[in-house]
Amino acid sequence: MGVDGTADSTPIGPCPACGLARLEPRHVTSDGTAVAIDVCPVCEGAFFDAGELDAVRSDDAPLEALFGLPRIPRVPRLCPRGHGPMEERRPQVAGITCTADVCRTCHGVFLDGRERRLLAKGSLPPSPPIGQVVARRSVLWILQLLVHLPVEVRNPTRGRAWVVLSLVVSSLALFVARIEGVDLGHLALDPAAFHTPSPPLPTLVTYALVHGSWWHVLGNVYFLYTFGDNVEHVFGSRLFALFAVLVTAAGAVAFLATEPADGARLVGASGLVAGILAAYLWTFPRNRLFHVVLFVQFELPAWIYVALWATFQVGMAFAASEGSLAGADADVAWSVHVGSFVAGLVLTPLAHLRVRHRLARAAAGAATPSPTAR
Ligand SMILES: [Zn+2]
Ligand SMILES: [Zn+2]
């Protein structure tokens, strides 16, 4: 898009930084000038067509002087308008060295999220009034004191998440059926059944849909919905469904490997949740989460939250294997969380490769060569 609102004729391609989403047009107003830039919904980087960056910058120094000499990086990023590799520039802003990617053909500039905050504040959404911020955080603080669940400061992507919604609805429906007296024992994962000649293989996955109590089902459904929708939006529903099946089964295998044959049966979606947290860690590491610890509300980047969560799970799995847990802690299948999380850590980069390949192919198909192409 251009400063005057005229659309650039070249279709916009995938994000040059993360490659996990197509850039989306976003309208911003800076000093009364309306500009439509193209923003990555996953990493929040933005592409500014020629002239757009000047329109949202606050200082008057010429852009070229600020940017300095071009250098060709070892792995150059590709212009989302389809002009091939971009040059890298290293502008100094307030003593901090930034990195900007500039297309030699269309003179568009790509800035990562951090660089955007330093160089093009005008392109960021305006912050809500302080009263609104305080009110929201206070309500969240009270709710989080009660339930201790993380809340996304900003929902990184929005879109249909049919797989996540189906999982949420079927988990709730099955729980209601169970308290109404329907026997769902055949869906649970029974270690003893896996020491018979014909183990019930579908239960490696179906155990995730059955829950033991309202807290169990509501907690898992909350995590599924909060983190799963964003991951499904990036992966696409089919790839996400495959990912969900694989991480759930990995948790089941970890359970069977660590639990005795005469042990309790396994139910619950917490393994699936662990796999999804691993995917969130890889995909949105810098998205921030509100979390309350000892009455204090922290705003943590997702990578710190997930790293602390994973360390706790590994510690508890170790304690469980030593037999040193008691009470409710002893009933939690910690090994499932660890198994599914590790599977998620391994599978997510593969899913990312698939998504990048899919978007790059779509962009190549959309770019129709014409004699006037820039
Ligand atoms: Zn991106
Ligand atoms: Zn270009």
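What counts, and where the lines are drawn
- Residues numbered from 1 in each chain as written.
- Chains lettered and ligands numbered in written order.
- Predicted model: local features only at pLDDT ≥ 70, side-chain atom pairs only at ≥ 80, totals over all residues.
- Heavy atoms only, no water.
- Donors = N, O, S within 2.8 Å, 3.2 Å for Na, K, Ca; no water.
- Tetrahedral: all angles 85-135°; square planar, octahedral: opposite > 155°, others 65-115°.
- Helix = DSSP H or I, 4+ residues; strand = E, 2+ residues; numbered from the N terminus.
- Buried < 20%, exposed > 50% of the residue type's maximum accessible area, 1.4 Å probe, protein only.
- Phe/Tyr/Trp six-rings, centres within 6.5 Å; stacked < 30°, edge-to-face > 60°.
- Pairing = 2+ DSSP bridges.
- Axes fitted to C-alpha atoms, helices over the stretch in contact; angles between N-to-C directions.
- pLDDT = per-residue confidence, 0-100.
- Contact = heavy atoms within 4.5 Å.
- Parallel < 35°, antiparallel > 145°, perpendicular 65-115°, else oblique.
- Left-handed = near helix turned anticlockwise from the far one by under 90°.
- Nonpolar A, V, L, I, M, F, W, Y, C, P; charged D, E, K, R; others polar.

Sorry if this is basic, but what is going on with the coordination of the zinc ion (ligand 2) here?
For a metal with four donors in a tetrahedral arrangement, the ideal angle between donors is 109.5 degrees, while six donors in an octahedron ideally sit at 90 or 180 degrees. Protein coordination at the zinc ion (ligand 2) comes from Cys79 (SG), His83 (ND1), Cys103 (SG) and Cys106 (SG), with a distance range of 2.0 to 2.3 Å. Geometry at the zinc ion (ligand 2) is tetrahedral, judged from its 4 donor atoms and the angles of 104 to 114° they form at the metal. Coordination of the zinc ion (ligand 2) draws on donor residues from a single chain, spaced C-x3-H-x19-C-x2-C in sequence. Of this pair, His83 sits in the loop between helix 2 (63–67) and strand 4 (87–89) while Cys103 is found in the loop between strand 7 (100–102) and strand 8 (109–111), placing the two residues 20 residues apart along the sequence. Pair check on accessibility: His83 and Cys103 agree, each one buried.

Just checking my understanding: could you explain the packing of aromatic side chains for this structure?
By convention here, two paired aromatic rings are described through the distance between centres and the angle between planes. Inspection of the entire model under this criterion finds 8 aromatic pairs. When the centroid spacing of 5.1 Å and the interplanar angle of 45° are considered together, the rings of Tyr280 and Phe284 count as tilted. Taken individually, Tyr280 and Phe284 each receive the classification buried, so the pair is uniform in this respect. Measuring from centroid to centroid gives 5.5 Å for Trp309 and Phe341, while their planes differ by 55°, and the two rings are tilted.

Looking at this structure, I do not really get the sheet that holds strand 1 (residues 24–30). What am I missing?
Backbone-to-backbone hydrogen bonds pair the strands of a sheet. The strands run either parallel or antiparallel. Spatially, 6 strands are ordered 1-2-3-8-7-4 in an open sheet, and the strand pairing comes out antiparallel. Across the chains shown, the open sheet's two edge strands, defined by having one partner strand only, are strand 1 and strand 4. Strand-to-strand twist of the sheet, defined as the mean angle between neighbouring strand axes without regard to direction, takes the value 35°. As paired strands, strand 7 and strand 8 are joined by 3 bridges and run antiparallel to one another. Counted as the bridge partner of Ala100 is Leu111 from strand 8.

Any chance you could explain the confidence of the model for the protein here in plain terms?
Close inspection of predicted coordinates is inappropriate for parts of the model with low pLDDT. Looking at the protein, pLDDT values average 86 and 92% of them are 70 or higher. Across residues 1–7, confidence stays below pLDDT 50; counting only partners more than four residues off in sequence or on other chains, it has 16 contacts. Note on residues 370–374: pLDDT is under 50 here. Beyond four places in sequence and across chains, it has 3 contacts.

Where do I start with the sheet that holds strand 10 (residues 288–293) in this structure?
As summarised here, the arrangement of the 3 strands in space is 9-10-11, forming an open sheet in which the pairing is antiparallel. Each having just a single partner strand, strand 9 (151–152) and strand 11 (296–301) make up the two edges of the open sheet. Taken together, the 2 bridges between strand 9 and strand 10 define a ladder with antiparallel strand orientation. Counterpart to Glu152 in the pairing with strand 10 is Leu289. Across the sheet, helix 4 (residues 130–147) touches strand 9, strand 10 and strand 11, and the angle it forms with strand 10 is around 55°. Lying over the sheet, helix 10 (residues 302–321) contacts strand 10 and strand 11, oriented at roughly 105° with respect to strand 11.

So what exactly am I meant to see when it comes to the packing of helix 10 against helix 12 (residues 334–366) here?
The angle between the axes and the distance between the axes are what describe a pair of packed helices. Close contact between helix 10 and helix 12 brings their axes to 8 Å; oriented N to C, the two are set at 135°. The orientation of helix 10 with respect to helix 12, classified from their angle, is oblique. In terms of crossing hand, the pair formed by helix 10 and helix 12 is left-handed. Within the contact between the two elements, helix 10 uses Val306, Trp309, Ala310, Phe312, Gln313, Val314, Met316, Ala317 and Ala320 and helix 12 uses Trp334, Ser335, His337, Val338 and Phe341. When grouped by side-chain class, the residues that make up the contact of helix 10 with helix 12 number 11 nonpolar, 3 polar and no charged.

Is there a simple way to think about unusual backbone geometry in this case?
Unusually for a residue other than glycine, Glu44 sits at a positive phi of about 70°. Glu44 sits in the buried class, given a relative accessible area of 14%. Positive phi, close to 70°, is recorded for Phe295, a residue that is not glycine. In this structure, Phe295 sits in the loop between strand 10 and strand 11. You can call Phe295 exposed: its relative accessible area is 62%.

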